[in-house]
Amino acid sequence: MTTFSRWTAAALVLGLGAVAANAAPSRFEAGVLAELNRFRGDPAGYTAVLRDYRDRFDGRLLISDDDSEIDIMTNEGVAAVDEAIRDLRREGPRSRLQQSELLARAAADHVAVQSRSGAVGHYTRGNGPGERMKARGGGPYVNEVITYGHHSPAGVVHQLLIDDGVPDRGHRHSLLRPEHRYAGVACGPHRVHRTMCVTLMSQTPDGSPPPPPKRTPALPPR
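From a predicted model like this one, the values you see are computed outputs, not experimental measurements.

1. A word on the side chain of S202
Okay, so step 1: Its place among the elements puts S202 in strand β8 (residues 194–202).
Okay, so step 2: You can call S202 buried: its relative accessible area is 1%.
Okay, so step 3: A polar side-chain atom of S202 sits 2.8 Å from the main-chain carbonyl oxygen of Y141.
Okay, so step 4: With residues near it in sequence (within four places) discarded, S202 still touches L103, Y141, V142, E179, H180, R181, Y182 and G207.

2. A look at the side chain of N143
Okay, so step 1: By the element assignment, N143 lies in strand β6 (residues 143–148).
Okay, so step 2: For N143, a relative accessible area of 2% corresponds to the buried category.
Okay, so step 3: One polar contact links N143 to S174, side chain to side chain, over a distance of 2.8 Å.

3. Thoughts on the sheet that holds strand β4 (residues 72–73)
Okay, so step 1: The strand order β2-β3-β4 describes an open sheet built from three strands, whose pairing is antiparallel. Across the chains shown, the open sheet's two edge strands, defined by having one partner strand only, are β2 (57–58) and β4.
Okay, so step 2: In the sheet, strand β3 (residues 61–62) pairs with β4 via two bridges, with the strands oriented antiparallel. Its bridge partner being in β4, L62 is matched across the sheet by I72.

4. Looking at the pattern of salt bridges
Once their charged atoms are close, side chains differing in charge can pair, the charge on each being opposite to the other.
Okay, so step 1: The tally for this structure, following the rule as stated, stands at twelve salt bridges.
Okay, so step 2: Residue R54 pairs with D82 through a salt bridge whose shortest N-O separation is 2.6 Å. Here D82 lies in helix α3 (residues 78–88) and R54 lies in helix α2 (residues 47–54), a separation of 28 residues in the sequence.
Okay, so step 3: For D82, a relative accessible area of 23% gives the class partly exposed.
Okay, so step 4: Linking R90 and D87 is a salt bridge whose minimum nitrogen-to-oxygen distance equals 3.2 Å.
Okay, so step 5: Of the residues examined, D87 reaches a relative accessible area of 11% and is grouped as buried.

5. Section: the confidence of the model for the protein
Okay, so step 1: Scored by pLDDT, the protein comes out at a mean of 87, with 87% of its residues at no less than 70.
Okay, so step 2: Scored below 50 in pLDDT, residues 1–9 shows 27 contacts in the model against residues more than four places distant or in partner chains.
Okay, so step 3: This model gives residues 15–21 a pLDDT under 50, and the stretch forms 27 contacts once residues within four places in sequence are excluded.

6. Concerning the pairing of β6
Okay, so step 1: Taken across its six residues, β6 has six buried, putting it largely inside the fold.
Okay, so step 2: Going residue by residue along β6, you find N143, V145 and T147 tucked away on one face and E144, I146 and Y148 tucked away on the opposite face as well.
Okay, so step 3: Across six bridges, β6 lies against β8 in antiparallel orientation. Note that in β8 the partner of Y148 across the bridge is M196.

7. Digging into the packing of aromatic side chains
Okay, so step 1: Taken as a whole and assessed by the stated rule, the structure comprises two aromatic pairs.
Okay, so step 2: Look at F39 and Y46: their rings are 5.7 Å apart centre to centre, the planes differ by 80 degrees, and that puts the pair in the edge-to-face class.
Okay, so step 3: With a relative accessible area of 2%, Y46 lands in the buried category.
Okay, so step 4: Taken together, a centroid distance of 5.9 Å and an interplanar angle of 70 degrees make the contact between Y53 and F57 edge-to-face. The burial state of Y53 is the same as that of F57; both residues are buried.

8. Some thoughts on unusual backbone geometry
Okay, so step 1: In this structure, R169 takes a positive phi of about 50 degrees despite not being glycine.
Okay, so step 2: Along the chain, R169 falls in the loop between α6 (153–162) and α7 (170–176).
Okay, so step 3: Unlike most non-glycine residues, R194 shows phi in positive territory, near 75 degrees.
Okay, so step 4: On the secondary structure map, R194 appears in strand β8.

9. What to know about the pairing of β8
Okay, so step 1: Across the nine residues that make up β8, a large majority, eight, are buried.
Okay, so step 2: Taken together, the nine bridges between strand β7 (residues 182–190) and β8 define a ladder with antiparallel strand orientation. Within β8, the position partnered with C187 by the bridge is C197.
Okay, so step 3: In textbook terms, the turn of a hairpin is the stretch between consecutive antiparallel strands, and for β7 and β8 this stretch comprises three residues.

Rules of the game
- Throughout this description, residue numbers start from 1 for each chain and increase along the sequence as written.
- This being a predicted model, a pLDDT of at least 70 is required before a residue's local features are given, and a value of 80 or more before pairs of side-chain atoms are given or counted; all residues contribute to the totals for chains, interfaces and linings.
- The basis for every side-chain value is the complete set of heavy atoms in the structure, and neither hydrogens nor water enter the calculation.
- Here a helix means four or more residues in a row that DSSP labels H or I, a strand means two or more in a row labelled E, and each is numbered from the N terminus.
- Here the term buried applies to any residue with accessible area under 20% of the maximum for its type, exposed to any over 50%, and partly exposed to those in between, with areas from a 1.4 Å probe on protein chains only.
- Here a polar contact means two N or O atoms within 3.5 Å. Within protein one must be a hydrogen donor candidate and the other an acceptor candidate, and residues neighboring in sequence count only if both atoms are side-chain atoms.
- Any pair of residues with heavy atoms lying within 4.5 Å of one another is described as a contacting pair.
- A pair of strands is labelled paired if DSSP reports no fewer than 2 bridges between them.
- Here a salt bridge means any side-chain nitrogen of Lys or Arg lying within 4 Å of a carboxyl oxygen belonging to Asp or Glu.
- What pLDDT expresses is the predictor's confidence in each residue, scored from 0 to 100.
- In summary, the pairing rule links any two rings of Phe, Tyr or Trp, Trp by its six-membered ring, whose centres are within 6.5 Å, and it sorts them by plane angle into stacked for under 30 degrees, edge-to-face for over 60 and tilted for everything else.

Have a look at this one:
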């Protein structure tokens with residue numbers, strides 16, 4: 001897990017398992033989903049975006065290109081960016097993520113609590129994303145990623161893809177999962193890191209188990 005400080009932007013991921021959510025996403029949240037789909041539509045082509053991102057490094061310091069953000073001291077510097085570029089060059093297109101209101105509401109429940117408390121992580125009062133989904137009437141078959149400290153939709157996605165300081169690159173693998181079909185994004189203020197974004201993804205719009213694959217009927221013997 002990344003060590004958090006005033007100068008470090010952090011991302012968290014959890015496998016299967018803002019403020020109150022509005023029906024319509026904000027422009028920022030819609031931008032995050034659009035950037036995710038831009039990446040998933042052509043992971044190999046997205047490496048051109050990461051090469052531009054790489055140019056902003058001074059050693060391990062990522063220089064902000066936006067007046068609303070601070071410079072970020074990373075753990076690995078350009079090494080993590082270079083690894084992401086090598087990794088994504090081998091990847092083909094993924095399916096487009098459709099907006100899910102229920103996933104977005106469960107994500108916003110988490111933002112609402114952490115924006116007040118300043119806490120980080122996937123658990124709200126001991127409940128993880130699966131429990132939050134069930135409380136909203138959905139199922140627990142969801143994948144959650146969280147970023148803290150980014151003020152642009154592209155910055156959110158870049159942090160997840162590069163996965164600085166996360167040895168297993170779990171966020172990158174989550175964004176690449178071909179099974180994902182739906183996503184809900186919720187973003188808001190954070191007392192410590194200024195901003196946070198929670199993204200829930202699933203094979204189904206409500207986190208329920210995906211239907212079993214259809215089997216081709218066996219041909220009768222001749």
